[in-house]
Amino acid sequence: MKKLIKFELRKIFAKRLTQIAILAVLLLSAIFGFSTYQNMYASDGISQSGTGREAVEIDRTIAENYAGILTDEKVQQMMIDFKPTQDLHGMNAAYNYSNATQSALFRKFSDLDGNWNGLSVSDVFGDEEIKIGYTYGWLLTSQNLVQIFIVLSLVIAIMIAPVFSGEYGGLDNIILTSKYGKTKCATAKIIASILAALIVTSVVSAINLIYAFVLYGNGGLDCSILFAPAGFVEGYIPFNITCGTLLKYQILLAFTSAISVTGITLFLSAICKNQMVALVASAAIYLFPIMLPITETSPLFSVITLLPLYHAQFVSLMSVDQISGNMLYALLAVPVALVIMGIGIVISRKVFARHQVS
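Residues numbered from 1 in each chain as written. Predicted model: local features only at pLDDT ≥ 70, side-chain atom pairs only at ≥ 80, totals over all residues. Heavy atoms only, no water.

Looking at a nonpolar patch on the surface
On the surface, Met1, Ile191, Leu195, Ile199, Val203 and Ile207 cluster together to form a nonpolar patch covering roughly 440 Å² of accessible area. Along the chain, Met1 turns up in the segment before helix 1 (2–14). (Patch = residues over 30% accessible without salt bridge, like charges linked within 9 Å, V, L, I, M, F, W, Y side chains within 5 Å. Areas by Shrake-Rupley, 256 points an atom, 1.4 Å probe, with all protein chains shown as cover. Salt bridge = Lys/Arg side-chain N within 4 Å of Asp/Glu carboxyl O. Helix = DSSP H or I, 4+ residues; strand = E, 2+ residues; numbered from the N terminus.)

Structure representation (structure tokens):
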């Protein structure tokens, strides 16, 4: 069985289209990471401003000056330090960006003119203890990972689509079936497909996290995501979790997306004798939720978010109310993914076995 699995893994990764798809998602990761880094801007409001590496250094230095638990005294000091020195000409001060710390502060504690809005830390965050520091680079990395993981899911579909559909009537299939039997051949293909999906997801995740660590350091991973710059999408997640915990959930959901897509694609690969049909059908089913006219206020939205696309997109799924206590609704993605994969495995194995040559 081990030889069969290795053989099937080699077949998956040896395909030119698979290699191109994997290189494309890695190139996309590099482009997003580099572009985000180069386009960063920060100013201390006094004498220093810059982009790219200089901006990161400015942001990190400012964040370190106020790092720790957010208190009312710290808010007051920051409001004084970051008070606008120029006429905003009627623009809301919350959108007057100087640096990540200033933007996060004004998002919660500033009025239209950049003065304190009268709210205390407890008024804004309740009883939650908010630890602040430099999280901006990691949050931007998380934002990039949403798009990368969606593309990765489609790459997995490209990898898995030919596993069964490309074998019907093939010489390799006849020889292997004669030697090992129907069941072992189908099982080896399924195991190899799952391993391939997990390997690619692990590699892409690791490369992006290592790249972010090199650019931004590990500072801020233990700080709250709730103290984030204005307009930042992760700021809409209503739970007080650290940046590091957020990334852990995101990576977990990337894996649930991967195994869900694997289950769907295995099923379609088994019932479709044409590789392209299997691929297009898998991609269509994966992307189908974006075409549904269901808003976030609909009772059905929490159900829709458990579909694989929302695992990769992850923000909507993480934003759904907690089930009970500290358990996130997003964790339901794990059993859902296992069920989808299980259904795909069972059906594809039976369908493919019926087509085998005795």
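Quick look at the pattern of salt bridges
Applying the stated criterion across every chain, the model contains four salt bridges. The partner of Lys11 in a salt bridge is Glu8, and the shortest N-O contact between them spans 3.6 Å. A residue pair is termed a helical-turn pair when its members lie 3 or 4 positions apart in one helix, as Lys11 and Glu8 do in helix 1 at three residues. In this structure, the salt-bridge partner of Lys189 is Glu8, at a minimum N-O distance of 3.3 Å. Pair noted here: Lys189 is in helix 10 (residues 182–216) and Glu8 is in helix 1, with a separation of 181 residues, a long-range link. Both residues of the pair, Lys189 and Glu8, count as buried. In the salt-bridge network here, residues are joined through shared partners; they are Glu8, Lys11 and Lys189. (Buried < 20%, exposed > 50% of the residue type's maximum accessible area, 1.4 Å probe, protein only.)

Some details on the layout of surface pockets
Its boundaries defined by the atoms lining it, the largest pocket holds a volume of some 540 Å³. Every residue lining the largest pocket is counted, 25 residues in all, and those nearest its centre are Ser43, Asp44, Gly45, Ile46 and Ser98. Of all the secondary structure elements, the ones that give two or more residues to the lining of the largest pocket are strand 1 (41–43), helix 3 (52–66) and helix 5 (100–109). A total of five residues in the lining of the largest pocket trace back to one element, the largest contributor, which is helix 3. Taken together, the residues that form the lining of the largest pocket break down as ten nonpolar, eleven polar and four charged. (1 Å grid on protein atoms, 1.4 Å probe; cavity = no way out; pocket = protein on both sides within 12 Å on 5 of 7 lines; lining within 4 Å. Points joined across faces, edges and corners; volume = space filled by probe spheres on them. Nonpolar A, V, L, I, M, F, W, Y, C, P; charged D, E, K, R; others polar.)

Re the nonpolar core
With 102 residues, the main nonpolar core has Leu70, Leu105, Tyr216 and Met318 as its most contacted residues. The greatest single-element share of this core, amounting to 14 residues, is contributed by helix 7 (residues 136–160). If sequence neighbours within four positions are ignored, Leu70 has contacts with Val75, Met78, Phe109, Val121, Phe125, Ile130, Ile132 and Phe227. (Core = buried A, V, L, I, M, F, W, Y, C linked by side-chain atoms within 4.5 Å. Contact = heavy atoms within 4.5 Å.)

Details of the packing of aromatic side chains
Applying the stated criterion to the full structure yields six aromatic pairs. When the centroid spacing of 5.7 Å and the interplanar angle of 55° are considered together, the rings of Tyr66 and Phe82 count as tilted. Remark: Phe82 occurs in the loop between helix 4 (72–81) and helix 5 and Tyr66 occurs in helix 3; sequence separation between them is 16 residues. Accessibility assignment for this pair places Tyr66 and Phe82 in one class, buried. Ring geometry for Tyr97 against Tyr136: centres 6.4 Å apart, planes inclined by 40°, an arrangement best described as tilted. (Phe/Tyr/Trp six-rings, centres within 6.5 Å; stacked < 30°, edge-to-face > 60°.)

Without other data, these values stay purely geometric and don't point to any function.
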